[in-house]
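A look at the structure
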Amino acid sequence: MFDFIKNINLKGDRGIWSTVIILSFLSVLLVYSTEGAKYFFGHLIRIILGIFCLYQVHKIKFKYFANIGMIIYFFSLLLLILVLVMGVNVNGASRWLSFGGMQFQPSDIAKLAVLIFMARQLSKYRGEIKSFKYFLLYVLTPLVIVCLLILPNNLSTAILVFVNGLVLIIIAKVRSKFILGICGSAIFLSMILYSSAKFFPEPVSKIMPRSATWVSRVDAYFIKADGSDLNKDYQQRQAMVAIYNGGISGLGPGKSTQRNILPYSSSDFIFAIMVEEYGLLFGGFLPILLYLILLQRSIAIASKTSSLFGGLLSIGLMFSLVLQAFVNMLVAVGVFPVTGQTLPLISMGGTSILFTCITIGIVLSISRDSTDRNYETA
């Protein structure tokens, strides 16, 4: 596979290119299996468009993403405000904006933009952020604003964005007392949010419409009835049936029995169908291995780059994708409550595929110009 990538003269890390191609191929197989020809060609076109965008982005010198990311960050804030005011309700959540018949989730833009912006701030103001005042102003406030704007309609994405930002802060070696303070505050505020939504549902639901859903999912996860899993989310129960059906070797490609029973079998719970059809060995462990390869390659790229901005961006962006992938898989096996997070590069989707590919394109751009330090000296 590496030789194939080399022969068609693609720039950047060949391990990442190969992994992207394998994951995309798995995605096409699984979406065809779960949705049939009706949605297959549309998904195939989105995959091809995503890889085309990945290719175009990877040709841009990564130092330019510092200013591009800053512009997109403030634009994403505007979009997040708009979705709160005029968001389109899909599957019970107003997470979408619609323009000219096209729908997209502003959170997909925001979760990429905020990491680029934070990497810029952490590298450009690395001397000033030793003071908590400037750390709060330059780094933490931009992260918190995005999380608060996403929170009312998408708790799981807000949590993931916060965790990704926190990891970026840790990688940048910010003072440990700042990090401990952030973690303690986050835990305290989470407890207040849960308690408020549980015991004062009506006033909280006016601000956060999905608060009742959050509480029910958390309660179903932590509170067992007589030690059984009967009060688990219906989707999770059906996903676990699919995984049990698959066993070690799987039922075979296209032979899933749960694809018509399990809701969102081509998106949120596609991992369960993968295990059912291809078994734990191929359908379970292979995607885990592929995502770990992406993370390992991004760390290797960061270790070689001379740019602090490039190093932070490489690990931070790829970590965000891998974290989302593992959250998706852990939900399917019943370890985490249902979150609605898709499996990057595998789940059927629109804007999620596009921005996943753009994210990987940026990491490949860093691997092409790992010795470029022009941004650092600007």
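Structure: see above.
Notes on the structure follow. Computed from a predicted model, the values in this text were never measured in an experiment. (Residues numbered from 1 in each chain as written. Predicted model: local features only at pLDDT ≥ 70, side-chain atom pairs only at ≥ 80, totals over all residues. Heavy atoms only, no water.)

1. Some words on the overall build of the chain
- What the chain contains, in helices and strands, is 14 helices and 3 strands.
- Taken over C-alpha atoms, the radius of gyration comes to 21 Å for the chain, in line with the 21 Å a tight globule of 378 residues would show.
- In terms of overall dimensions, the chain has a C-alpha envelope of 60 × 60 × 45 Å along the principal axes.
- For the chain, the proportion of its 378 residues judged to be buried stands at 52%.
- For the chain, the proportion of contacts with a sequence separation of at least 24, taken over those separated by at least 6, is 69%.
- Approximately 17500 Å² of the chain is accessible, and the part contributed by carbon and sulfur atoms is 67%.
- Counting 31 positive and 16 negative side-chain charges, the chain places the centres of these two groups 9 Å from one another. (Helix = DSSP H or I, 4+ residues; strand = E, 2+ residues; numbered from the N terminus. Rg over C-alpha atoms; globule rule 2.2 N^0.38 Å. Buried < 20%, exposed > 50% of the residue type's maximum accessible area, 1.4 Å probe, protein only. Contact = heavy atoms within 4.5 Å. Areas by Shrake-Rupley, 256 points an atom, 1.4 Å probe, with all protein chains shown as cover. Lys, Arg positive; Asp, Glu negative; His and termini not counted. Charge placed at Lys NZ, Arg CZ, Asp CG, Glu CD.)

2. With respect to the packing of aromatic side chains
- The final tally for this structure, using the stated rule, is 12 aromatic pairs.
- Measuring from ring centre to ring centre gives 5.1 Å for Y32 and F40, while their planes differ by 80°; the resulting arrangement is edge-to-face.
- Of the residues examined, F40 reaches a relative accessible area of 15% and is grouped as buried.
- By the ring-pair criterion, three or more aromatic residues cluster together here, those being Y32, F40 and F41. (Phe/Tyr/Trp six-rings, centres within 6.5 Å; stacked < 30°, edge-to-face > 60°.)

3. Digging into the pattern of salt bridges
- Across all of its chains, the model carries 2 salt bridges by this definition.
- As a salt-bridge pair, R297 and D13 come within 2.6 Å of each other at their nearest N and O atoms. With a gap of 284 residues between them, R297 in helix 12 (residues 270–304) and D13 in the loop between helix 1 (2–7) and helix 2 (14–35) connect regions that are remote in the sequence. (Salt bridge = Lys/Arg side-chain N within 4 Å of Asp/Glu carboxyl O.)

4. Let's talk about the packing of helix 4 (residues 65–86) against helix 5 (residues 106–124)
- Close contact between helix 4 and helix 5 brings their axes to 8 Å; oriented N to C, the two are set at 140°. What the angle tells us is that helix 4 and helix 5 run oblique. The way helix 4 lies across helix 5 gives a crossing that is left-handed. In this structure, helix 4 uses F65, A66, N67, G69, M70, I72, Y73, F74, S76, L79, L80 and V83 to contact helix 5, whose residues at the interface are P106, S107, I109, A110, A113, V114, I116, F117 and R120.
- Grouping the amino acids of the contact of helix 4 with helix 5 by side-chain chemistry returns 16 nonpolar, 4 polar and 1 charged. (Axes fitted to C-alpha atoms, helices over the stretch in contact; angles between N-to-C directions. Parallel < 35°, antiparallel > 145°, perpendicular 65-115°, else oblique. Left-handed = near helix turned anticlockwise from the far one by under 90°. Nonpolar A, V, L, I, M, F, W, Y, C, P; charged D, E, K, R; others polar.)

5. Observations regarding the environment of S98
- Within the secondary structure layout, S98 lies in strand 2 (residues 93–99).
- The sequence separation of S98 and V83 amounts to 15 residues, and the corresponding C-alpha distance is 9.4 Å.
- Sequence-distant contacts of S98, defined by excluding residues within four places in its chain, comprise V88 and Q103.

6. Observations regarding the side chain of S265
- Mapping S265 onto the fold places it in the loop between helix 11 (234–246) and helix 12.
- A distance of 3.1 Å separates the side chain of S265 from the backbone oxygen of R259, its partner in a polar contact.
- Contact partners of S265, with chain neighbours within four places excluded, come to T34, R259, I270 and I273. (Polar contact = N/O pair within 3.5 Å; in protein donor to acceptor, adjacent residues only side chain to side chain.)

7. Let's talk about the nonpolar core
- Membership of the largest hydrophobic core comes to 103 residues, with the highest contact counts inside it found for I16, F135, V146, Y291, L343 and I362.
- Once residues within four sequence positions are removed from consideration, F135 is found in contact with I129, L140, I169, V174, F178 and I182. (Core = buried A, V, L, I, M, F, W, Y, C linked by side-chain atoms within 4.5 Å.)

8. A few points about unusual backbone geometry
- For Y264, which is not glycine, the phi dihedral falls at a positive 55°.
- Along the polypeptide, Y264 turns up in the loop between helix 11 and helix 12.
- Positive phi values are uncommon outside glycine, yet L345 reaches one of about 70°.
- Note on placement: L345 falls in the loop between helix 13 (308–332) and helix 14 (351–368).
- A relative accessible area of 4% places L345 in the buried class.

This is a description of form; function is not addressed.
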